[in-house]
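Overview (structure and organization)
Residue-level listing of the chains:
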Amino acid sequence: MLAQHSTVSLVRPCFLSGSQVVLKIIKHYQEEGQGSEVVQGVLLGLVVEDRLEITNCFPFPQHTEEDADFDEVQYQMEMMRSLRHVNIDHLHVGWYQSTFYGSFVSRALLDSQFSYQHAIEESVVLIYDPIKTAQGSLSLKAYRLTPKLMEICKEKDFSAEGLKKAAVGYENMFEEVPIVIKNSHLISVLLWELEEKSTVPSKHELLSLSSSSHLEKSLQMLMDRVDDMSQDIVKFNTFSRNTSKQQQQKHQYIQRRQQENTQRQSRGEPPLPEEDISKMFKPPQPPPRMDTLLIAGQINTYCQTVKEFTSQNLGKLFMAEALQGHNS
Amino acid sequence: MKYCPTCRGSCVKLSSSLASTLPPQTSRGRHLTRDFLWKNMAVYGPVVKIHPVVLASIADSYERRNEGATRVIGTILGTIDKHSVEITNCFSVPHNESEDEVAVDMEFAKNMYELHKKVSPSEAIVGWYATGFDITEHSVLIHEYYSREAQNPIHLTLDTTLQNGKMNVRAYVSAQMGVPGKTVGVMFTPLTVKHIYYDTERIGIDLLHTTCASPSRTNGLTSDLAQVGTSAARVQDMLTTVLAYIEDVLSGKVIADNSVGRCLMDLLNKVPFIPAEDFESMLNSNINDLLMVTYLTNLAQAQISLNEKLVVL
C-alpha cells in the first residue's frame, strides 16, 4: 500500500561541499523566481577520482527582453575567469534548475544535460523544488542521463526503431544520484553560531496537516500530462490504423495487378509495366516517439512525488490520531 | 580606547562623549566588559540584517585563501532601507596585504559587481567584509575606497580565528572623530547585527545543521517518511524537556514561573477538543482521500508502462 520508493543506489553519490551551494540556490529562487518561472545556474566543482564534488555555483540571469545584447556564453566565461582569481573551482560540473511542482522532464532539459554530460561524464542537474521545501523539507535532487539515453542522443536517432533498438523505457531515462552534504569544521562552527543567535525559531511546517492544496495542484498537473499522453496515444493509434489500411490497399492493388496481368497474358497482350508501388502509396509519417517518452517520464515523476507526499501525510494523520486518543 | 588599570584590559573605560550616548544606567564610571558593550552600545546608524548565505560564502572564501594571506576581503551587496540594511550577497576580491601596504584589485571588484547586477539588478554595494578579529590600519584605507562606491559603507567582520571561542559577526560604520581644525581621524562604530532568514533558508539551515552532529560531518538527504520521523522525534524531545521542568516545579526543586505556566496553558489548549465520532469521520475521510490518490497514481504508472510495452511490439 505505502509503496516506499527506494531508488536502487548503485550509483555513487555526489558530494556538496559546504553549505553555500544550497543557500545560494535557495536565495536565487527566493529573490528572482516568481510563480512558475524557472531559475537556472551553473554548478562549479571538481571531479575527484570518480566522485563528483560540487563546491560553488552562480546564477544565470533570467531571459528578459534585452536578450539581443546579452551573451550567455560571455557571461559564463567572464564569471568563471573572475572566480578563478579567488581560488574558486572553475570547472563547471553541472547546472541547477528550479521546478514548479515537479515538472522538469522536458526536451530542453534533455538537450542541456546531454551537452554537459558529453563534456564531463559525471555532471548532474540539480533540481530544486521550492514549494516542497517551503512545506518543510529541503527538496534537492540530482539527476543524470543513463548511458543508454546518452547513446541515443549522440546518434540523434529519435525515431521508433532507434528507441526500440536501445530498449530505453521511461524508467531508464534519468538516474537519480544521491546527494551527500559535507561541511568543513569552520562551517560547522558557523552553523552552531547561527543556531544560537537565530531569532527565527526552526520551522515545523513539516508536521502541518493542512497541505491538501499542494496535493490538488500536483494532481492537476498529473491530469494535464495524462491528457497529453492520451492525445499522443490517439495519434499513434491513428498512425497504426493508417499503416495497416495502407498495407491492405497495397495488397489489393498488387493482387488486381496480378489478375490483370494474367488476364492479359491469357489474351496475349503485353503485361502492364510494373509501377513503382512505393511512390503510389506514400507511407504515413510515424509520430515521434521521443515526446511520448518524455511525457511518460514526467508522469512517472509526478506519481512518485504524489506517493511520497501521501506516505508523509498518512504518517502525520496517524500521529494526530494518537494525540487525540490520549486526550479523549 | 584606554584600558582600565584595575581589570587589566578586560574592560574599557569610555571617553565621555561615547558614554553620554549610552542609556543612563550604564553611564561612565562603571567597568564595562567588551561583550557587555557590544550588546548595549548605542545603535548609531542602521540595523544590519544578514542572510546566512553571506556568512557561508565568507567562510568558504577564507578556506580558499592564498598561501600566506591571513585574511580575505570582499564586497557585500544588499538593499538599503530607511532604518536597516539587508545584506543578501557577497563576493570576494583578491588583495595583497603586507606590513606597510595593501593592494586591492579594484578592476576585479567592478567587473564582478557588473556581472552580479545582471542577475539581481536590485542589489547594490553596501560595503565590504573582512575576516579576522580586529580592525587594522589597512582597513581604513580600504574603507575609504568603498566610501566612494557606496554612501556610508558598512564594514562587516567575521571572526574566523575564533577568538573568545566564538565566531563573531560584527558590523561597523565609520565616523569622523577628532578636534575640528586639527587632524581628523576615523573611528569605526559598531552596529547591531541581526540574522534574518527566508522561510526556505531556515529549513535549509536546519538540514545543514544536522551535518554538525555526524562524525564525518556528512548528511544524505533522507526520504520523506524518515523526515517526518525526525521531526516527530524533535517534538518528543521538546515535550520531555517540558515534562521534566513540570516535575521539578511540582516537587519544589524549581520555583514556578507564571509566564511559563501561561505558555503551558496555551499549549494544552491548542490541541482542539473534538468529539470522538467527528474526529473518527474526519480522519477516515482524509485517509480515504490519500489512499484513493495512491491508487490512482499506481494506476497511471501501470498505464504508462503498459503503453510502453504495446508500442514496442
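The name an unreviewed UniProt entry assigns to chain B is Eukaryotic translation initiation factor 3 subunit F, from the organism Denticeps clupeoides. Turning to chain B, the UniProt annotation filed under Sequence similarities (unreviewed entry) states: "Belongs to the eIF-3 subunit F family."

Per an unreviewed UniProt entry, chain A carries the name Eukaryotic translation initiation factor 3 subunit H and comes from Denticeps clupeoides. Here is the UniProt Subcellular location (unreviewed entry) comment for chain A, exactly as written: "Cytoplasm". Heading Sequence similarities (unreviewed entry) of the UniProt record for chain A holds this comment: "Belongs to the eIF-3 subunit H family."

1. With respect to the overall build of chain B
Within chain B, the regular secondary structure consists of nine helices and 14 strands. In chain B, buried positions account for 40% of the 313 residues. Intrachain contacts of chain B at a sequence separation of at least 6 include 56% that bridge at least 24 residues. As displayed, chain B offers around 17900 Å² of accessible surface, 57% of which is attributable to carbon and sulfur atoms.

2. Quick look at the pairing of strand β6 (residues 84–93) of chain B
Residue and element names in this part refer to chain B. Along β6, nine of the 10 residues are buried, which leaves the element largely enclosed by surrounding structure. For strand β4 (residues 47–50) and β6, the ladder comprises four bridges, and the chain directions are parallel. In the sheet register, Val-48 faces β6, and the bridge partner there is Val-85. The pairing of strand β5 (residues 73–80) with β6 spans eight bridges and is classified as antiparallel. Bridging across to β6, Gly-74 finds its partner in Ser-92.

3. Description of the sheet that holds β4(B)
Residue and element names in this part refer to chain B. The sheet built from eight strands is open, its strands ordered β12-β11-β10-β9-β5-β6-β4-β13 with mixed pairing. Strand pairing shows two members of the sheet lacking a second neighbour, β12 (185–191) and β13 (193–195), which therefore form its edges. The mean inter-strand angle of the sheet, taken between neighbouring strand axes irrespective of direction, is 35°. Those strands touched by helix α5 (residues 137–149) are β5, β6, β9 (124–131), β10 (154–158), β11 (169–177) and β12, and its axis lies near 170° from that of β9.

4. Here we look at a nonpolar patch on the surface
A cluster of nonpolar side chains, B:Met292, B:Tyr295, B:Leu296 and B:Leu299, forms an exposed patch at the surface whose accessible area comes to about 420 Å². The residue B:Met292 is located in helix α9 (residues 276–312) in this model.

5. With respect to the environment of B:Ser305
All names here are of chain B. The residue Ser-305 is located in helix α9 in this model. Note on Ser-305: relative accessible area 24%, which makes it partly exposed. At a separation of 2.9 Å, a polar atom in the side chain of Ser-305 contacts the main-chain carbonyl oxygen of Ala-302.

6. A word on the nonpolar core
Core analysis: the biggest nonpolar cluster contains 61 residues, and A:Phe58, A:Leu83, A:Met173, A:Phe174 and A:Ile299 have the highest contact counts within it. At eight residues, the largest contribution of residues to this core is made by helix α10 (residues 289–327) of chain A.

7. A look at the packing of helix α2 (residues 72–85) of chain A against helix α4 (residues 106–119) of chain B
One can describe the packing of α2(A) onto α4(B) by two numbers: an axis separation of 11 Å at closest approach and a directional angle of 135°. The angle between α2(A) and α4(B) places the two elements in the oblique class. Remark: the crossing between α2(A) and α4(B) carries left-handed chirality. Each of A:Tyr75, A:Glu78, A:Met79, A:Ser82, A:Leu83 and A:His85 in α2(A) lies in contact with α4(B), whose residues at this interface are B:Phe108, B:Met112, B:Leu115, B:His116, B:Lys118 and B:Val119. Classifying every residue of the contact of α2(A) with α4(B) by side-chain character gives seven nonpolar, three polar and two charged.

8. Details of the layout of surface pockets
Estimates place the volume of the largest pocket at around 1500 Å³. Counting residues per element, the ones that place at least two in the lining of the largest pocket are α10 of chain A together with α7 (224–250), α8 (258–270) and α9 of chain B. For the lining of the largest pocket, the element with the highest residue contribution is α10(A), accounting for nine residues. For the lining of the largest pocket, the per-class residue count stands at 23 nonpolar, seven polar and two charged.

9. Details of the interface of chain A and chain B
Residue-level contacts link 101 residues of chain A with 86 residues of chain B. Summed over both partners, the interface of chain A with chain B buries about 8600 Å², with 67% contributed by carbon and sulfur atoms. Inspection of the chain A/chain B interface yields two salt bridges. The shortest N-O distance in the salt bridge between B:Glu123 and A:Lys27 comes to 3.2 Å. The interface formed by chain A and chain B holds nine residue pairs in polar contact (both at pLDDT 80 or more) in total. Looking at the side of chain A that touches chain B, the element that brings in the most residues is α10(A), giving 25 residues. Looking at the side of chain A that touches chain B, its residues break down into 51 nonpolar, 31 polar and 19 charged.

10. Some words on the UniProt feature "domain: MPN" (unreviewed entry) in chain B
When the UniProt feature table is mapped onto this chain, "domain: MPN" (unreviewed entry) is found at residues 48–178 of chain B. Span residues 48–178 of chain B is 30% helix and 37% strand, its end C-alpha atoms 26 Å apart.

11. Considerations on the pattern of salt bridges
Following the criterion strictly, the structure yields eight salt bridges over all chains and no others. Beyond isolated ion pairs, a larger network of salt bridges with shared partners links A:Lys27, A:Glu31 and B:Glu123.

12. Points about the packing of aromatic side chains
Residue and element names in this part refer to chain A. What the rule picks out here adds up to nine aromatic pairs over all chains. Judged by centre distance (6.2 Å) and plane angle (70°), the rings of Phe-58 and Tyr-75 are edge-to-face. Highlighted residues: Phe-58 in strand β3 (residues 51–59) and Tyr-75 in helix α2, separated in sequence by 17 residues. What makes Tyr-75 buried here is its relative accessible area of 2%. Considering the side-chain rings of Phe-236 and Phe-239, the 6.0 Å spacing of their centres and the 45° angle between planes classify their relative orientation as tilted.

Thresholds applied
Residues numbered from 1 in each chain as written. Chains lettered and ligands numbered in written order. Predicted model: local features only at pLDDT ≥ 70, side-chain atom pairs only at ≥ 80, totals over all residues. Heavy atoms only, no water. UniProt positions renumbered as here; feature names shortened; annotations may be inferred. Helix = DSSP H or I, 4+ residues; strand = E, 2+ residues; numbered from the N terminus. Buried < 20%, exposed > 50% of the residue type's maximum accessible area, 1.4 Å probe, protein only. Contact = heavy atoms within 4.5 Å. Areas by Shrake-Rupley, 256 points an atom, 1.4 Å probe, with all protein chains shown as cover. Pairing = 2+ DSSP bridges. Axes fitted to C-alpha atoms, helices over the stretch in contact; angles between N-to-C directions. Patch = residues over 30% accessible without salt bridge, like charges linked within 9 Å, V, L, I, M, F, W, Y side chains within 5 Å. Salt bridge = Lys/Arg side-chain N within 4 Å of Asp/Glu carboxyl O. Polar contact = N/O pair within 3.5 Å; in protein donor to acceptor, adjacent residues only side chain to side chain. Core = buried A, V, L, I, M, F, W, Y, C linked by side-chain atoms within 4.5 Å. Parallel < 35°, antiparallel > 145°, perpendicular 65-115°, else oblique. Left-handed = near helix turned anticlockwise from the far one by under 90°. Nonpolar A, V, L, I, M, F, W, Y, C, P; charged D, E, K, R; others polar. 1 Å grid on protein atoms, 1.4 Å probe; cavity = no way out; pocket = protein on both sides within 12 Å on 5 of 7 lines; lining within 4 Å. Points joined across faces, edges and corners; volume = space filled by probe spheres on them. Buried area = accessible area lost by both parts, 1.4 Å probe. Phe/Tyr/Trp six-rings, centres within 6.5 Å; stacked < 30°, edge-to-face > 60°.

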